[in-house]
Amino acid sequence: MQSIRKATDFFFAPDDGPVKPATGLDRDALIGDLRLYLVQMARRIIDHLDYEHNVAQGLPQDTGLVFRFRLDDYVEELCGYFDRKGILTSETNRDILFSGAIEVLLPPENIREQLPWRIRRKLFTTLLVGIAEQTGVPYPALTRSFYDHLTRGDSVNGIARPQVIEFYQEAMEELSRGQESAQAPPREQDAEPEPEREPQPDAEPQPDAEPGFQPSEERPAQQLEIPDLIRRTLAACGATDYTSLKKILSRRHFFDFLSLVILYTIVGAALTIFSTPLITFLEENLPIVINDVAWYIGVSIVYVLLVTIRFQQFRLCSIRRRTLIRVSNAVAETMSVSYKEMDDVLYGTYGTTLRELKAVLLPRARR
């Protein structure tokens, strides 16, 4: 009852105008400092991801040679920043608190371009958990107050209100999934342990297992984050860089094949129609005798070979394109990859966007 009263007093107090921050706290100065801090954090996160991507390729997931990227480390640092600024400790700073947290989720455009959406979303949801723990305010009151704060203006850092609400809703979905997984009971084990088998006298002794060997069913599965999974999927389909990705997804394969077939046909027809002067010219300049039938057969064989080679190249390009699209769509559908997550991976890895690629790497239902 006390927590509900505290939530009511803190978040649903009569709104007599703009909330005045506590003495010594300047909202504009704090937001400005926070933006500078987020720029620095974005740079360090990008550098860390680049380091892990370039160094950890081909190494086991549990190797001790690589300083793995853990978003929790940066989340803890961000919560410490809010705590040091005194924003979490004073109940009179709710306007600064909300504004600062929203800056993490939807910062200015220059920060959004550097910091992927999935990371900003995770930073925001974990920060919201920290706010709830520090203030003792129930989640329903907290999320409602954030919503009211978001709907006061027409936009947030250049993002229109409908899109702001959509971003906020997606963050709440992730927070809900995180709470469900944290509260999920552990899997029930078998009620009765399997009885130990008595050794058979006639059974041959089994050799000892090799050191470090584990049966396949006991090996821990390597869990990949969605961006890493998308990058590995595209790389496995041949899209190792921007040039190869554009080449695979290009629709010009058919037109290139058709134009070359037309060119070969024109050249073959010319060699057939003007065969008499060409044969005469070759016989005068070369010590050979060319039969008309042999000439026609030779031209036909060369024409068929060239067309067949080009057709096989066109077929392989078409298969690679369909495979890349179908595999990426299957991964996106299975892992519930959002448009923003796929766009962030493409921009961070290949320097392109889904819009430039006509969104073919996502199924129609998720575009």
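Shown above is the structure to which this text applies.
A brief structural summary. Numbering of residues begins from 1 in every chain and follows the order in which that chain's sequence is written. Local features in a predicted model are, by the rule used here, given only for residues with pLDDT of at least 70; side-chain atom pairs are given and counted only at 80 or more, and totals for whole chains, interfaces and linings are based on all residues. Side-chain figures throughout are based on the complete set of non-hydrogen atoms in the structure, without hydrogens or water.

Topic: the pattern of salt bridges
Side-chain pairs of opposite charge can arise where the charged atoms are in close proximity. The condition that has to hold: The term salt bridge refers to a side-chain nitrogen of Lys or Arg lying within 4 Å of a carboxyl oxygen of Asp or Glu. Starting at the N terminus, helices and strands are each numbered in turn, a helix being any DSSP run of H or I of at least four residues and a strand any DSSP run of E of at least two. Working definition: with a 1.4 Å probe on protein chains only, accessible area under 20% of the residue-type maximum means buried, over 50% means exposed, and in between means partly exposed.
In this structure the tally under the stated criterion is 14 salt bridges. Put simply, R35 and E103 hold a salt bridge, and the shortest N to O gap is 3.1 Å. Taken as a pair, R35 in helix α2 (residues 27-55) and E103 in helix α4 (residues 94-105) lie far apart in primary sequence, 68 residues in all. A salt bridge links E341 to R121; the shortest N-O distance between them is 2.7 Å. Highlighted residues: E341 in helix α14 (residues 339-350) and R121 in helix α6 (residues 117-135), separated in sequence by 220 residues. No difference in accessibility class separates E341 from R121, as the two residues are buried. The network of salt bridges with common partners includes R121, E166, E170, E174, K340 and E341.

Here's the deal with unusual backbone geometry
The residue N157 is not glycine, and still its phi comes out positive at about 50 degrees. Residue placement: N157 occurs in the loop between β1 (155-156) and β2 (159-160). Despite not being glycine, K358 has its phi angle at roughly 60 degrees, a positive value. Checked against the element boundaries, K358 lands in the segment after α14. A relative accessible area of 63% places K358 in the exposed class.

Some details on the nonpolar core
Proteins that are soluble and globular tend to have nonpolar side chains buried together. Our working definition: Each nonpolar core is a collection of buried residues, namely Ala, Val, Leu, Ile, Met, Phe, Trp, Tyr and Cys, held together in the definition by side-chain atoms within 4.5 Å.
In terms of nonpolar packing, the biggest core is built from 46 residues, with L78, F82, L106, L123, F124, L142 and F146 touching the most fellow members. Contributing elements (two or more residues each) for this core: α2, α3 (71-84), α4, α6, α7 (139-150) and α8 (161-183). For this core, the element with the most residues is α6, which contributes eight residues. Ranked by size, the runner-up nonpolar core spans 20 residues in total, among them L249, Y350, V360 and L361.

Concerning a nonpolar patch on the surface
Test applied: Patches here: salt-bridge-free residues with over 30% relative accessible area, like charges joined within 9 Å, nonpolar side chains (Val, Leu, Ile, Met, Phe, Trp, Tyr) joined within 5 Å. Areas reported here follow the Shrake-Rupley algorithm with a probe of radius 1.4 Å; residue values treat only the protein chains shown as occluding.
Taken together, the side chains of F254, F255, L258, I262 and I266 define a hydrophobic patch exposed on the protein surface, amounting to about 500 Å² of accessible area. As for its placement among the helices and strands, I266 is situated in helix α11 (residues 253-273).

Comments concerning the packing of α2 against α3
Two numbers describe a pair of packed helices, the interaxial angle and the distance between the axes. Note the threshold: The axes are straight lines fitted to the C-alpha atoms, using for helices just the contacting stretch, and the angles between their N-to-C directions are given from 0 to 180°. For classification purposes, angles smaller than 35 degrees are called roughly parallel, those larger than 145 roughly antiparallel, those between 65 and 115 roughly perpendicular, and all remaining angles oblique. Crossing handedness: left-handed means the near helix sits turned counterclockwise from the far one by under a right angle, and right-handed means the same turn made clockwise. Contact criterion: two residues are considered in contact whenever any of their non-hydrogen atoms come within 4.5 Å of each other.
At a minimum axis distance of 12 Å, the contact between α2 and α3 shows a crossing angle of 165 degrees. Relative to α3, the element α2 is oriented roughly antiparallel. Both α2 and α3 take part in a crossing whose hand is right-handed. Facing α2, whose interface residues are L30, D33, L34, Y37, L38, M41, R44, I45 and H48, α3 presents Y74, E77, L78, Y81 and F82.

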